[in-house]
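A closer look at the structure
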Amino acid sequence: MNIKYWEFEDAPVKEKIKTPKIKDIAMVLFQNEIEAYRFSKLMIEVKKSKKLKLNEIKFLPKTTAKRYLDYAVQIGLLKHEDMAYELTDRFSKPLKNLALYIKAWSESEDNEDIDLEFPTVRKQ
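**Some details on the overall build of the protein chain**
Looking only at helices and strands, the protein chain has six helices and three strands in total. Counted from the first residue to the last, the protein chain has its helices and strands arranged as α-α-α-β-α-β-β-α-α. For a compact globule of 124 residues, the expected C-alpha radius of gyration is about 14 Å, and the protein chain comes in at 19 Å, more than 25% above that figure. On the principal axes, the C-alpha backbone points of the protein chain span a range of 55 × 40 × 30 Å. Surface accessibility of the protein chain: about 10,200 Å² in total, with carbon and sulfur atoms responsible for 56%. Between the centroid of the 24 positive side chains of the protein chain and the centroid of its 21 negative side chains there is a distance of 11 Å.

**Looking at the pattern of salt bridges**
Under the counting rule described, the total for this entry stands at three salt bridges. The partner of Glu 86 in a salt bridge is Lys 51, and the shortest N-O contact between them spans 3.8 Å. Linking Glu 86 in strand E3 (residues 84–87) with Lys 51 in the loop between helix H3 (33–49) and strand E1 (52–53), this pair joins segments that are 35 residues apart in sequence. For Glu 86, a relative accessible area of 16% puts it in the buried group. Among the ionic pairs, Asp 70 bridges to Lys 66, the shortest N-O distance being 2.8 Å. Here Asp 70 and its partner Lys 66 are both found in helix H4 (residues 62–75), four residues apart, which amounts to about one turn of the helix.

Analysis parameters
- Residues numbered from 1 in each chain as written.
- Predicted model: local features only at pLDDT ≥ 70, side-chain atom pairs only at ≥ 80, totals over all residues.
- Heavy atoms only, no water.
- Helix = DSSP H or I, 4+ residues; strand = E, 2+ residues; numbered from the N terminus.
- Rg over C-alpha atoms; globule rule 2.2 N^0.38 Å.
- Areas by Shrake-Rupley, 256 points an atom, 1.4 Å probe, with all protein chains shown as cover.
- Lys, Arg positive; Asp, Glu negative; His and termini not counted.
- Charge placed at Lys NZ, Arg CZ, Asp CG, Glu CD.
- Salt bridge = Lys/Arg side-chain N within 4 Å of Asp/Glu carboxyl O.
- Buried < 20%, exposed > 50% of the residue type's maximum accessible area, 1.4 Å probe, protein only.

Structure representation (structure tokens):
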């Protein structure tokens, strides 16, 4: 993931949210512009048609499109039901919870033994 945290702080997000673009989302998920373009194109097609079936896609090979759409399902942007892909909102609550967890960890006073947490990692 290519997250530039300063782009998603309060002030920049308030400006960006006025005109949201799939490019911003795709550039966080992909570092390669070609992959970001393909992902963006597919997400726009899903948004336009509400439900997109794999055989309706004409601009990409089916296997390539399936790989990108399945990735979107995996990260929670889409759901795949009845042989069709459609937008869903499984993304915001888990990220909010992750942010709360990170904040709780940073404020905690517990001493952690990292060697016990990762016992099998190679240390050399």
